Amino acid sequence: MATPDVPAAAPQTSNINVRRGEPLVVMTDVQKHYGDFQALEDINLTVNRGEVVVVIGPSGSGKSTLCRTINRLETITSGTITIDGKELPKEGKALAALRADVGMVFQSFNLFSHLTILDNVTLGPTRVKGVKKADAERAAQTLLERVGVAQQASKLPAQLSGGQQQRVAIARALAMNPKVMLFDEPTSALDPEMINEVLDVMVNLAQEGMTMIVVTHEMGFARKAADRVVFMADGQIVEEATPDEFFTNPQSARAKDFLSKLITH
């Protein structure tokens, strides 16, 4: 089900502070409670422009919650989150404007079932950014070609495979020209044969320099595309390292246990 273990496309540095750009997403002392349950504890994470950060860990470790706080789909209890130097607004037009800078790809596609593929991709640019319909359609067609589903533009989502729908969801997020892309387990709802077609699109995005935060169970993708692996357990970031360092020499007992279960199952 996972992609084969492939060496990283570019040499990895052992110093995880060496990055391609300045800080873009900064989470500082972030806490998230659901009643008495603490879902996120003392989260401090900086993702730099052009960096691909893959977040992994056991189920229930807080990975998806972390991802969803970055565009305020989940509100935080305390701490701060900034995107490109601006603190996450609480509500209103400022929040809508910021969300336009943060592309999100969900596990379950979330396409509008009554709209064609083309209309799904043009809706955001025309409604939110005021792009003219003809311009939005030209850009959408280019994006659909980029993710390999241009021939499906006039169809409805139900007429596409799960892998095709997820690639449309990626195109829809890209249509807003986001500064950062969030992926919340984008392949977990797919049949095994469809996983690679989505991961291939994501690898290409990474190679083009898109800033990406990816929650996934696909360790092959983490090895191939990530600049940094963030390992979470019990709502905390336990360790972070380059893929080579993490997979060959994990530092924490929790990470060693997690990886040993991957290898033996």
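Residues numbered from 1 in each chain as written. Predicted model: local features only at pLDDT ≥ 70, side-chain atom pairs only at ≥ 80, totals over all residues. Heavy atoms only, no water.

Caption draft 1: Summary view of the UniProt feature "domain: ABC transporter" (unreviewed entry) in the chain. In the numbering used here, UniProt assigns the "domain: ABC transporter" (unreviewed entry) feature to residues 25-259. Taken as a whole, residues 25-259 contains 38% helix and 26% strand, while its terminal C-alpha atoms sit 27 Å from one another. (UniProt positions renumbered as here; feature names shortened; annotations may be inferred. Helix = DSSP H or I, 4+ residues; strand = E, 2+ residues; numbered from the N terminus.)

Caption draft 2: A look at the pattern of salt bridges. For the structure shown, the criterion picks out 14 salt bridges. Note that Lys 179 and Asp 84 form a salt bridge whose closest N and O atoms lie 2.8 Å from each other. In this pair, Lys 179 is assigned in the loop between helix 5 (162-174) and strand 7 (180-184) and Asp 84 in the loop between strand 4 (78-83) and strand 5 (86-87), connecting sequence segments 95 residues apart. Between Asp 257 and Lys 261 there is a salt bridge, with the nearest N and O atoms lying 3.2 Å from each other. Of the two residues, Asp 257 and Lys 261 are both situated in helix 9 (residues 253-264); the distance of 4 residues between them amounts to about one turn of the helix. Overall, the relative accessible area of 38% leaves Asp 257 in the partly exposed class. Residue classification places Lys 261 among the partly exposed positions, given a relative accessible area of 46%. (Salt bridge = Lys/Arg side-chain N within 4 Å of Asp/Glu carboxyl O. Buried < 20%, exposed > 50% of the residue type's maximum accessible area, 1.4 Å probe, protein only.)

Caption draft 3: Focus on the sheet that holds strand 8 (residues 212-215). Pairing within the open sheet is mixed, and its 6 strands lie in the order 6-7-8-3-9-10. Whereas interior strands pair on both sides, the edge strands pair on one side only; in this sheet they are strand 6 (102-105) and strand 10 (236-241). Averaged over all adjacent pairs, the angle separating strand axes in this sheet is 20°, with direction ignored. Summarising the sheet, strand 3 (residues 52-56) and strand 8 pair through 4 bridges and their orientation is parallel. In the strand pairing of strand 8, Val 53 is matched with Ile 213. Strand contacts of helix 6 (residues 192-207): strand 3, strand 7 and strand 8, with the helix running at about 150° to strand 8, the strand carrying the most contacts. (Pairing = 2+ DSSP bridges. Axes fitted to C-alpha atoms, helices over the stretch in contact; angles between N-to-C directions. Contact = heavy atoms within 4.5 Å.)

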